[in-house]
Amino acid sequence: MRTLTGIQPSGILHLGNYLGAMQPAIAAQEGGNCFYFIADYHSMTSLTDPAKRREYTRGVALDWLACGLDPKKAVLWRQSDVPEVCELAWMLGTLAPMGLLERAHSYKDKTARGIAANVGLFTYPVLMAADILLFDTTHVPVGRDQKQHVEMTRDMAIKFNLTYGETFVIPDSVIRDESAVVPGLDGQKMSKSYGNTLELFGDEKATRKKIMGIPMDSRTPAEPKPDADQNIAIRLLKVVAEPGYAREMEERLRAGGLGYGDLKKALFEQVWDHFAAARARRAELVADAGHVDQVLRDGAERARAIAATVLDRARRACGLR
Ligand code: ADP
Ligand code: TRP
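As the structure is a computational prediction, the values presented were derived from the model and not from experiment.

A. Inspection of the overall build of the protein at higher detail. Scanning the protein from terminus to terminus reveals 15 helices and five strands. For 321 residues, the compact-globule estimate of 2.2 N^0.38 gives 20 Å, and the C-alpha radius of gyration of the protein, at 21 Å, lies within 12% of that figure. Taking the principal axes of its C-alpha atoms as reference, the protein extends roughly 75 × 45 × 35 Å. Looking at the protein as a whole, 48% of its 321 residues qualify as buried. A fraction of 78% describes how many contacts in the protein between residues 6 or more apart in sequence connect residues 24 or more apart. Carbon and sulfur atoms make up 53% of the accessible area of the protein, which amounts to about 15000 Å² in all. Averaging the positions of the 42 positive and the 41 negative side-chain charges in the protein gives two centres separated by 2 Å.

B. Inspection of the site of ligand 2 at higher detail. Surveying the vicinity of ligand 2 reveals 14 residues, the closest of which are Gln8, Tyr124, Met128, Asp131 and Gln146. The contact in question runs from a nitrogen atom of ligand 2 to an N or O atom on the side chain of tyrosine 124, over 2.6 Å. A distance of 2.7 Å is found between a nitrogen atom of ligand 2 and a side-chain nitrogen or oxygen belonging to aspartate 131. With the chains in place, 90% of the 370 Å² that ligand 2 exposes on its own is no longer accessible. Counting residues per element, the ones that place at least two in the shell around ligand 2 are β1 (3-7) and α8 (124-133).

C. Representation of the packing of aromatic side chains. Enumeration over the complete set of coordinates arrives at 11 aromatic pairs. Three or more aromatic residues link up through ring pairs in this structure, and these residues are Phe35, Phe37, Trp77 and Phe135. Above the plane of the ring of tyrosine 260 lies lysine 225, whose end atom (NZ or CZ) is 5.4 Å from the centre. Lying over the aromatic face of tryptophan 272, arginine 279 brings its terminal NZ or CZ to 3.4 Å of the ring centre.

D. Region of interest: a nonpolar patch on the surface. Judged by side-chain polarity, Ile158, Leu162 and Ile170 come together as a nonpolar surface patch covering roughly 280 Å² of accessible area. Relative to the elements of secondary structure, leucine 162 occurs in helix α9 (residues 147-164). By relative accessible area, which is 72% here, leucine 162 ends up exposed.

E. Spatial organisation of the domain arrangement of the protein. Structurally, the protein comprises domain 1 (3-182 + 288-318) and domain 2 (202-274). Between the C-alpha centres of domain 1 and domain 2 there is a distance of 34 Å. Between domain 1 and domain 2, the residue contacts involve seven residues of the former and four residues of the latter. Here domain 1 meets domain 2 over a buried area of about 390 Å², counting both sides, of which 79% is carbon and sulfur. When residues of domain 1 are sorted by the area they lose upon contact with domain 2, Leu15, Leu19 and Val182 head the list and together hold 68% of the total. The interface formed by domain 1 and domain 2 holds zero residue pairs in polar contact (both at pLDDT 80 or more) in total. Per-class residue counts for the side of domain 1 that touches domain 2 are four nonpolar, two polar and one charged.

F. Fine view of helix α12 (residues 243-255). Look at α12: 18 Å from first C-alpha to last across 13 residues, which is about the 18 Å you get at 1.5 Å a residue. Among the residues of α12, Ala246, Met249, Glu250 and Leu253 are the ones counted as buried. Down the axis, α12 shows its buried residues gathered within 100 degrees of arc, on one side only. Turned more than 90 degrees away from the buried face of α12 sit Arg247 and Ala255, all of them exposed. Structurally, α12 contributes buried residues whose contacts are with α11 (232-240) and α13 (260-274).

G. Region of interest: the nonpolar core. If you look at the biggest cluster of nonpolar residues, it comprises 54 residues, and the most contacted ones within it are Leu15, Trp64, Leu236, Leu263 and Leu267. Taken together, the elements giving at least two residues each to this core come down to α1 (15-28), β2 (34-38), α3 (50-66), β3 (74-78), α11, α12, α13 and α15 (289-318). With residues near it in sequence (within four places) discarded, leucine 236 still touches Leu15, Val182, Pro183, Leu185, Met190, Ile214 and Leu267. With 45 residues, the next largest nonpolar core counts Trp77, Val150, Met156 and Ala303 among its residues.

Each value, and the rule that gives it
Residues numbered from 1 in each chain as written. Chains lettered and ligands numbered in written order. Predicted model: local features only at pLDDT ≥ 70, side-chain atom pairs only at ≥ 80, totals over all residues. Heavy atoms only, no water. Helix = DSSP H or I, 4+ residues; strand = E, 2+ residues; numbered from the N terminus. Rg over C-alpha atoms; globule rule 2.2 N^0.38 Å. Buried < 20%, exposed > 50% of the residue type's maximum accessible area, 1.4 Å probe, protein only. Contact = heavy atoms within 4.5 Å. Areas by Shrake-Rupley, 256 points an atom, 1.4 Å probe, with all protein chains shown as cover. Lys, Arg positive; Asp, Glu negative; His and termini not counted. Charge placed at Lys NZ, Arg CZ, Asp CG, Glu CD. Near = heavy atom within 4 Å. Polar contact = N/O pair within 3.5 Å; in protein donor to acceptor, adjacent residues only side chain to side chain. Phe/Tyr/Trp six-rings, centres within 6.5 Å; stacked < 30°, edge-to-face > 60°. Lys NZ or Arg CZ within 6 Å of the ring centre and 35° of its normal. Patch = residues over 30% accessible without salt bridge, like charges linked within 9 Å, V, L, I, M, F, W, Y side chains within 5 Å. Salt bridge = Lys/Arg side-chain N within 4 Å of Asp/Glu carboxyl O. Domains from an automatic or database assignment. Buried area = accessible area lost by both parts, 1.4 Å probe. Nonpolar A, V, L, I, M, F, W, Y, C, P; charged D, E, K, R; others polar. Expected span 1.5 Å × (residues − 1). Arc of directions from axis to C-beta. Core = buried A, V, L, I, M, F, W, Y, C linked by side-chain atoms within 4.5 Å.

As structure tokens, this is what we get:
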């Protein structure tokens, strides 16, 4: 069993990234054999500011460590420090049918939103397949939006194995029902690209302001709210608070008597407290810049050793060696 996931340094990480990908990944590290990376090559499909890429890359590394990634138990590296992945992406791309990539939801969503497609965006799932297959990965913790990409990875691995003989392990996505799609402040999926996020380590004032600004309807506090389970603050409480507490707030809202202001205040406190320990750890890490660099260097070295053996296997299989 080997667990692997990646997060792009394309912005500041938010609650959806944490609950969909980081928290399950960190929980898995106790079992060992865990590989987590910062997908900086992928970020080039949407971000063209070099200073921002450097800043976000560092931010994602700090966030992983602050949230509990333990470099003694899990390997953390920057994708571009293991450039072997690009060679494998080339090999896989030669077997990936155009139609497979044309059906990718994430590509279709982005182009439908008017984002001009570049070739990198189109072939993004091929690079992602290479990330996963290069490490003989069995489990990929992700949010639901990435499920199809993991299925495409399986398709590419199966096709390679059929064409060139057994080479790759076939991976599975690991998606937790309760946090498969964390809602954003506007009720759509929380996403860096929709401007509806709650940042993991935003400052107190800004976080409070964002939460207090969540739009609600005009019903009075006393009115019963039979649709309490649809309320965004309740949906967010369900993913950050103790289940019993979230249920109690939902019941109070449903029965009438709980005002939206009080509900949002409660949500702010839960969010703020949830990350209190991680926030303190992050502040220590920021002050110790050398440590983060060292973790990424060591991680790259360990990742590269595995990548080299799998790439060699793939090259031999297809006759490049
Ligand atoms: P974004 O959509 O904000 O750009 P990414 O695509 O970089 O986020 O996602 C990184 C990881 O976080 C992926 O595993 C993705 O599935 C997960 N993720 C992102 N947003 C959410 C969300 N709202 N709910 C659950 N998981 C999410
Ligand atoms: N595509 C993922 C996202 O945007 C990031 C990613 C790149 C990834 N390579 C990966 C996730 C490999 C899991 C495994 O969220």
